[in-house]
Amino acid sequence: ETAEIGLIGLGTMGANLALNIAETGHKIAVWNRTRARTEAFAREADDLAAMLVTTVDLSEFVAAIARPRRIVLMVPAGKPVDDQIAALLPLVDAGDVIVDAGNSDWQDTDRRAAALAREGIEFLGLGVSGGAEGARNGPSMMAGGSDRAWAALAPVLQVVAARFEHDPCVAHLGPGGAGHYVKMVHNGIEYADMQMIAEVYGLMRDGMGQGAAAIGDGFARWNEGPLASYLIEITAEVAGSIDPDSGHPMLDLIVDRAGQKGTGRWTVIDAQMRAAPLPAVEAAVTARVLSGEAEARAEGAAIFGEAGAMELPERDLESALMAGKILAYSQGFSLLATASAEQDWSLPLPRIAEIWRAGCIIRSAMLGDMARALAEAPDARLAFAPDFAVALEAHVPGLRRVVAAATLAGLPVPALASSLGYFDTLRQARGTANLIQGLRDRFGAHGFERTDRPGARDLHGPWG
Ligand code: 6PG
């Protein structure tokens, strides 16, 4: 019993997190399903050997950890997590804490937390963001679970986490699946952010004829202003990189088909089930799906021809990204508020914005302002908070010009356009659903309410 903590699953994320935990002064036992991986890890981590206990079978791993044990799982979401927990159960003791640090479905986490509680085992569902680099040097972490599970892990997580100034980017956000839920929404926002960036890239490339290097320079300039963020920064890097084999811009050689592991789609499905509008993420998920339909796109290009050219000042593109980002985050935080009320989680929205300021993929300068706005008006829609309303007034005209120019040229901007549609719908006091209700009543006698008879329901029109 020499290790303070244990970790199972030495894939990229697990190996990097284990190294981070070891380097921050915690002796850690590690175990992987395939022994060869454990051995390779031990060789790579040779300089931290004194802080590592590599083990070859699971009982040896469990026995190596001081009690009450803290065991972090970093295995693929879904069945592997259930299988791993089932394998651990006969070996652990009441009071031990199991942490699932993968991208698990929050409903699975709720279920596992309840099942383990019946066995006297504490469970923490931990959303970990920041990719491989974050896991190694400091991720942002979103914890859900019992107070005891959090208390057992907090001292380690607070040291391992990224820091924004001195503040560790980790927090206990609620019970059960609350942490994985917030991580899921983080990923949904990540999808929207990336899609809007890709749309602006498309306008620069196809509408304005810019090469990858010039596009990279544009993003690098924006990264000096209010858009400053990790994703804009690495867009500049990716667009500016050259393939060493061919000498061409790397970006030009990457196939235009985006993968997805599921969290964006889960976010959209969850939002729909709660009737929480999330159009920017919906557009981003759909765009990834359509990116896979390469043959259809080639056929469509042959039938209808490619889009035309457009010209816009760089500041309009910057404004489109600013307004689009504010609107997408506003949608995301509204979803968190809705879910928090429905699940009775009391999610601390300002704290969530704070722990996203460093370590995670969507870290950006704007998140500090968002945390302040959410703290000042906890129930407000972010887009209507005074500072963001002022920013939208300033940047929506640019977003409008970008969506209009792209639309006239025939260039797709589904996420930017959907955010603009969301904005314009929100400022339309008298909407158009009166016609929807009239039609529903006309064809199905579904009934409507009248503006001139408040309170009366299920009224019908004079038709047929
Ligand atoms: C993060 C990322 C991380 C991962 C996602 C990407 O916050 O560190 O979101 O969780 O990169 O799995 O998801 P897709 O494969 O669906 O793009």
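As the structure is a computational prediction, the values presented were derived from the model and not from experiment.

J.: Give a description of the overall build of the chain that names residues and reports values.
T.: Secondary structure summary: the chain contains 20 helices and 10 strands in total. On C-alpha atoms alone, the chain measures out to a radius of gyration of 25 Å, which is about the 23 Å that the 2.2 N^0.38 rule sets for 464 residues. By principal-axis analysis of the C-alpha atoms, the chain measures approximately 75 × 65 × 45 Å. For the chain, the proportion of its 464 residues judged to be buried stands at 47%. Excluding contacts between residues fewer than 6 apart, the proportion of contacts in the chain whose partners are at least 24 apart in sequence is 70%.

J.: For the site of the ligand, give the residues involved together with the corresponding values.
T.: In the region of the ligand, 13 residues are neighbours, and Ser129, Asn187, Gln260, Lys261 and Ile361 sit closest. When residues of the shell around the ligand are traced back to their parent elements, those giving at least two are helix H8 (178-207) and helix H12 (263-273). Of the residues that constitute the shell around the ligand, the class distribution is two nonpolar, nine polar and two charged. A domain-level breakdown of the shell around the ligand finds at least three residues from each of domain 1 (5-176) and domain 2 (184-426).

J.: Before we move on, can you summarise unusual backbone geometry with the specific residues and values?
T.: The amide bond that connects Arg67 to the next residue, Pro68, takes the cis arrangement and shows omega of -10 degrees. Along the chain, Pro68 turns up in the loop between helix H3 (58-63) and strand S4 (70-73). You will see that Ala275, though not glycine, has its phi angle at about 55 degrees, which is positive. Along the chain, Ala275 falls in the loop between H12 and helix H13 (279-291).

J.: Residues and numbers for the UniProt feature "active site" (unreviewed entry) in the chain, please.
T.: Those residues carrying the UniProt feature "active site" (unreviewed entry) are Lys183 and Glu190 in this numbering. Its place among the elements puts Lys183 in helix H8. Overall, Lys183 belongs to the buried group, with 29 C-beta atoms counted inside 10 Å. Setting aside residues up to four positions removed in sequence, Lys183 forms contacts with Asn103, Gly127, Ser129 and Met142.

J.: Go over the nonpolar core with me, naming the residues and quoting the values.
T.: Residues Ala18, Ile28, Leu73, Ile98, Val99 and Leu416 are the most contacted members of the largest nonpolar core, which totals 142 residues. With 15 residues, the single largest contributor to this core is H8. Of the domains in this structure, domain 1 (5-176) and domain 2 (184-426) are the two that each give at least three residues to this core. Other than its neighbours up to four places away in sequence, Ile28 contacts Ala3, Ile5, Gly6, Leu7, Ala18, Ile21, Ala22, Met51 and Leu52.

What counts and how
- Residues numbered from 1 in each chain as written.
- Predicted model: local features only at pLDDT ≥ 70, side-chain atom pairs only at ≥ 80, totals over all residues.
- Helix = DSSP H or I, 4+ residues; strand = E, 2+ residues; numbered from the N terminus.
- Rg over C-alpha atoms; globule rule 2.2 N^0.38 Å.
- Buried ≥ 20, exposed ≤ 12 C-beta atoms within 10 Å, placed from the backbone.
- Contact = placed C-beta atoms within 7 Å.
- Near = placed C-beta within 6 Å.
- Nonpolar A, V, L, I, M, F, W, Y, C, P; charged D, E, K, R; others polar.
- Domains from an automatic or database assignment.
- UniProt positions renumbered as here; feature names shortened; annotations may be inferred.
- Core = buried A, V, L, I, M, F, W, Y, C linked by C-beta atoms within 7 Å.

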